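Fold and geometry: a report
These are the residues of each chain, in order.
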Amino acid sequence: MLTRPTVSISLVLLLLISTSGVIYYVQRTLLEIEEALPIALSKQERDIRVLVYEMGRLVQDIEFARANTGLTSFGVVLRQTDTVELFLDKMSREYRFNDMLGISMIHARINPAVYDIKNWLTNGIFNFEPTSAHTLELVEERAKQAYEEAELLLQEVAQTAVDRLTVQAGRIKSFRSVMVITLAVLTLMSIGLVILGLRLQRIVIALKDSEEQIRYRANYDSLTQLPNRANFVEHLHEAITRDRRNNGLTALLFIDLDRFKTINDTLGHDYGDELIKQVADRIRRATRETDVVSRLGGDEFTVMLTNVSDEIHASIIAKHILARLSQPYMLDGHEVYSSASIGITLSPIDGRDVNTLLKNADMAMYEAKDQGRNTFRFFTSEMTDRARQFLEVDKDMRLALSQDELEVHYQPIYDTQNHKLVGVEALLRWQHPQRGLVLPTDFIRVAEETGLIEEIGQWVMRRACSEVREWLKHDLHPEFYLAVNISMRQFKGGFDKAQLQRILYETGFPADKLLLEITETLLMDHDTRTSEVLAEFREMGVRLAVDDFGTGYSALSYLREFPVSTLKIDRSFIRDITQSKSHLGLVQAIIAMARGLHLKTIAEGVETAEQGELLAELNCDMVQGYFYSKAVSASEVEKLLFSDRPHVVAVRSV
Ligand code: C2E
Ligand code: MG
Ligand code: MG
């Protein structure tokens, strides 16, 4: 890039120098040629010719006067002598500074003769009268001499004129060649300059283009062409300032697609991108020209509605957007369903600065998600309270970890056919000094969001392994196992073979007695690390169960891909199994499929005897639920295990 301007600058300089040189040369040469133009030459030559002619006439007049003596003819000679003298005078004046042909020779060669003739014709010679034959004879002789001299001079002058013209002709010729070459070079250089100019112009245009592109990229999202976060923040800031002056109301809608990650993971990123584009288009069409729609990133969009009259106005638009977004999408021939959750906040009612408003709208959006998705929620001050609570729970939980307030309870799992106790699921419990027993649903999400779940997860694993290890020393069911939940965040946070091996080693727990409960979303993550780590667990002898099976975005192909041994059918299917035919059908189908894939099945949340019986009929392998037992403390499980009828559940109605 640097060389181009340097080349063009030196080319322009060269052109300037050579042009000035050519102009100087042309000026000088033309001046010289002009001075020596044939016109000037021939004028001087003609004057000499006139002089020769006048001299010739003088000679003739003298001859005539000698033949016809008399005053008249003498007078003619005198007049002709004056004429010659005047002409000589004129010539010497004219050619004093511009004698190209050597006319100054006249003075040396002719003037003395004319002087003598004039003198003799006036004063006579050697006592002879001016009109005497002797004087005229001498005058005639002198005049003839001068005439010959003049003729000779004329010849010389003519020759000199020819020589000079030849020289000039030569100079003109070479001048012409020089000019042709110079002009050719100048033309080439000009062409070069024009080409360079065009190139430079193109570079300048390209630079301008890229500058515009950079500016565009800094402000717009490349996938959807919508304003990006920075641009949106600017718009929102302007709107807030305007509202302050005009007492206006602005609504900020925070839109997040429901389960976008699952769609992205199962169908691939190209489809994900296409979906985002179509979503952007639908939001744009659901809003007015003056509303600012932007993409904050990922599957998050915002809409800024200016001059909003009230909450109803904002909710009508939110409903409109939700309705459009829940229509099916066509992605390369596939029909895909999606929906969104929207959080709404109003300025200046809920906040007067960009950050507060964005935070509010985000919180309201999460609330909409919690309320079952595909809906919208307005921001309320209680949400801020909840956020504060969130932080408090996080702080309390860290304390709980260090102050030993956490414990592990175990929910027994039974064989459906013989009702023997075949395993326990470790479930975390928190004995809060003020709040009493706190269930995981109240704090696991916080722990996942703050990342504390990684530490807690390890703690549960270590505690459960060391407690259950003691029970294994007794004569239990040969296939008795311990199930431990592993959260997605814990897994992503670095839970791996080395970590697990260390815990098993420290607690002395056998790997083949461990069942790790993982979620469907983890298996659909398409992450190579996930499959590698899971394969390593399997190699260690650890078994894997899919927890809450059926609640994720069902793509069953992962069951073949991962070394899963067990499916835990989600509680929501079991709950209605005796009333709903479709649920019954679904559970039947899951069990049949699991058998086909040589997987074991556990039904979660069995609450009644009918459910238990039905599951036994359906050949579900194992059951777990309140009907048999809630999760209980380690000592209570021990009682169950080592009572009179070990391994067998006291089934109430069976
Ligand atoms: P989960 O793994 O699906 O655990 C089963 C949940 O269902 C437990 O709730 C259990 O008490 C409950 N449950 C069992 N039988 C019945 C029943 O018959 N009816 C009803 N209504 N509920 C029943 P819990 O202990 O509150 O745990 C909730 C969730 O928290 C668990 O669901 C699991 O996802 C998570 N969790 C619990 N402990 C841990 C842990 O140590 N680590 C991780 N990562 N997650 C855990
Ligand atoms: Mg579980
Ligand atoms: Mg479950």
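Rules behind the numbers
Residues numbered from 1 in each chain as written. Chains lettered and ligands numbered in written order. Predicted model: local features only at pLDDT ≥ 70, side-chain atom pairs only at ≥ 80, totals over all residues. Heavy atoms only, no water. Helix = DSSP H or I, 4+ residues; strand = E, 2+ residues; numbered from the N terminus. Buried < 20%, exposed > 50% of the residue type's maximum accessible area, 1.4 Å probe, protein only. Contact = heavy atoms within 4.5 Å. Areas by Shrake-Rupley, 256 points an atom, 1.4 Å probe, with all protein chains shown as cover. Lys, Arg positive; Asp, Glu negative; His and termini not counted. Charge placed at Lys NZ, Arg CZ, Asp CG, Glu CD. Near = heavy atom within 4 Å. Polar contact = N/O pair within 3.5 Å; in protein donor to acceptor, adjacent residues only side chain to side chain. Nonpolar A, V, L, I, M, F, W, Y, C, P; charged D, E, K, R; others polar. Pairing = 2+ DSSP bridges. Axes fitted to C-alpha atoms, helices over the stretch in contact; angles between N-to-C directions. 1 Å grid on protein atoms, 1.4 Å probe; cavity = no way out; pocket = protein on both sides within 12 Å on 5 of 7 lines; lining within 4 Å. Points joined across faces, edges and corners; volume = space filled by probe spheres on them. Donors = N, O, S within 2.8 Å, 3.2 Å for Na, K, Ca; no water. Domains from an automatic or database assignment. Patch = residues over 30% accessible without salt bridge, like charges linked within 9 Å, V, L, I, M, F, W, Y side chains within 5 Å. Salt bridge = Lys/Arg side-chain N within 4 Å of Asp/Glu carboxyl O. Phe/Tyr/Trp six-rings, centres within 6.5 Å; stacked < 30°, edge-to-face > 60°. Core = buried A, V, L, I, M, F, W, Y, C linked by side-chain atoms within 4.5 Å. Parallel < 35°, antiparallel > 145°, perpendicular 65-115°, else oblique. Left-handed = near helix turned anticlockwise from the far one by under 90°. Right-handed = clockwise from strand over helix to strand, strands pointing away.

Within the chain, the regular secondary structure consists of 23 helices and 16 strands. With respect to the principal axes defined by its C-alpha atoms, the chain has extents near 190 × 60 × 50 Å. The proportion of buried residues among the 654 residues of the chain is 45%. A separation of at least 24 residues holds for 71% of the contacts in the chain among residues at least 6 apart in sequence. For the chain, the exposed surface amounts to about 34500 Å²; the carbon and sulfur share of it is 54%. Side-chain charges of the chain comprise 74 positive and 93 negative groups, with the mean position of each set lying 1 Å from the other.

Attention now moves to the site of ligand 1. Inspection of the region around ligand 1 gives 20 residues, with Arg429, Asn485, Asp547, Glu607 and Tyr626 positioned closest. Here Gln411 contributes a side-chain N or O atom positioned 2.9 Å from a nitrogen atom of ligand 1. Contact between ligand 1 and Leu428: a nitrogen atom at 3.1 Å from a main-chain N or O atom of the residue. The protein chains hide 85% of the 790 Å² of surface that ligand 1 would expose on its own. At four residues, the largest contribution of residues to the shell around ligand 1 is made by strand E9 (residues 421-432). Residues belonging to the shell around ligand 1 are distributed by class as follows: seven nonpolar, five polar and eight charged.

To continue, consider the sheet that holds strand E1 (residues 250-257). Across the sheet, five strands lie side by side as E2-E3-E1-E6-E7; this open sheet has mixed pairing. Edge positions in the open sheet fall to strand E2 (292-297) and strand E7 (376-378), since each of these has one partner strand only. This sheet shows a mean twist of 20° between the axes of neighbouring strands, independent of strand direction. Sheet topology note: the E1/strand E6 (residues 340-347) ladder contains eight bridges and is antiparallel. By the bridge assignment for E6, Thr250 is matched with Ser347. Contacts from helix H10 (residues 311-325) reach E1, strand E3 (300-305), E6 and E7, with the element oriented near 160° to E6.

With that settled, the discussion passes to the layout of surface pockets. One simple way to see leftover space: roll a probe sized like a water molecule over the atoms. There is about 590 Å³ of room inside the second largest pocket. Counting only elements with at least two residues in the lining of the second largest pocket, the list comes to helix H11 (354-370), helix H12 (381-402) and helix H13 (440-450). Sort the elements by how many residues they give to the lining of the second largest pocket and H12 lands first, with eight residues. Of the residues in the lining of the second largest pocket, the class split is seven nonpolar, two polar and ten charged.

Before going further, it helps to spend a moment on the coordination of the magnesium ion (ligand 2). Surrounding the magnesium ion (ligand 2) are the protein donor atoms Glu425 (OE), Asn485 (OD1), Glu517 (OE) and Asp547 (OD), which sit 2.0 to 2.3 Å from the metal. Sequence spacing among the residues donating to the magnesium ion (ligand 2) works out to E-x59-N-x31-E-x29-D. A spacing of 4.0 Å is found between the magnesium ion (ligand 2) and the magnesium ion (ligand 3), which share Asp547 as a donor. With Glu517 in strand E12 (residues 514-518) and Asp547 in strand E13 (residues 543-549), this residue pair connects regions lying 30 residues apart in the sequence.

Another aspect to go through is the domain arrangement of the chain. Looking at the assigned domains, one finds that the chain contains domain 1 (41-219), domain 2 (229-379) and domain 3 (395-651). If you average the C-alpha positions of domain 1 and of domain 2, the two centres end up 99 Å apart.

Turning next to a nonpolar patch on the surface. Residues Ile9, Val12, Leu13, Leu16 and Ile17 make up a contiguous nonpolar surface patch of about 490 Å² in total accessible area. Relative to the assigned elements, Val12 resides in helix H1 (residues 3-35). Residue classification places Val12 among the partly exposed residues on the basis of a relative accessible area of 38%.

Protein coordination at the magnesium ion (ligand 3): the donors are Asp547 (OD), Asp548 (OD), Glu604 (OE) and Glu604 (OE), at 2.0 to 2.6 Å from the metal. Taken in chain order, the donor set of the magnesium ion (ligand 3) reads D-D-x55-E.

What follows deals with the packing of aromatic side chains. Two measures describe an aromatic ring pair: the distance that separates the ring centres and the angle between the ring planes. Enumeration according to the criterion identifies seven aromatic pairs in this entry. Residues Tyr216 and Tyr220 carry aromatic rings whose centres are separated by 4.5 Å and whose planes lie at 15° to one another, so their mutual orientation is stacked. Residue classification places Tyr216 among the partly exposed residues on the basis of a relative accessible area of 36%. Judged by centre distance (5.1 Å) and plane angle (75°), the ring pair of Tyr410 and Trp471 falls under edge-to-face. One end of the pair, Tyr410, is in strand E8 (residues 406-415); the other, Trp471, is in helix H14 (residues 453-472), with 61 residues separating them in the sequence. Joined through ring pairs, the aromatic side chains of Tyr414, Phe627 and Tyr628 make up one cluster.

Before going further, it helps to spend a moment on the nonpolar core. Counting 82 residues, the largest nonpolar core has Tyr410, Leu482 and Phe537 as its most contacted members. For Phe537, the residues in contact, after removing those within four places along its chain, are Phe491, Phe495, Asp496, Lys497, Leu500, Leu516, Val542 and Leu544. Within the second largest apolar cluster, 36 residues are counted, among which are Val52, Met55, Tyr95 and Ala113.

Take a negative patch on the surface next. On the surface, Asp270, Asp273, Glu274 and Asp332 cluster together into a negatively charged patch. Assignment of secondary structure puts Asp332 in the loop between strand E4 (329-331) and strand E5 (334-336). Relative accessible area serves as the criterion here: at 65%, Asp332 is assigned to the exposed category.

Here the focus is the packing of helix H3 (residues 71-94) against helix H5 (residues 111-123). Relative orientation of the contacting elements H3 and H5 amounts to 150°, with a least axis distance of 10 Å. As summarised for this structure, H3 and H5 are arranged roughly antiparallel, according to the angle between their axes. Crossing hand, H3 versus H5: left-handed. Across the interface between the two elements, Phe74, Val77, Leu78, Thr81, Asp82, Val84, Glu85 and Leu88 from H3 touch Asn111, Val114, Ile117, Lys118 and Leu121 from H5. Each residue belonging to the contact of H3 with H5 can be placed in one class, and the counts come to eight nonpolar, two polar and three charged.

This next bit is on the pairing of E6. On any regular strand, side chains alternate: one points to one face of the sheet, the next to the other face. Burial of E6 is extensive: eight of the eight residues sit out of reach of the surface. Side chains Ala340, Ile342, Ile344 and Leu346 project from E6 onto one buried face, and the interleaved Ser341, Gly343, Thr345 and Ser347 project onto a second face that is buried too. Inspection of the sheet shows E6 paired to E7 by three bridges, in the parallel sense. Within the sheet, the bridge partner assigned to Ile344 lies in E7 and is Phe378. Between the parallel pair E6 and E7, the chain is carried across by H11, and the sense of this crossover is left-handed.

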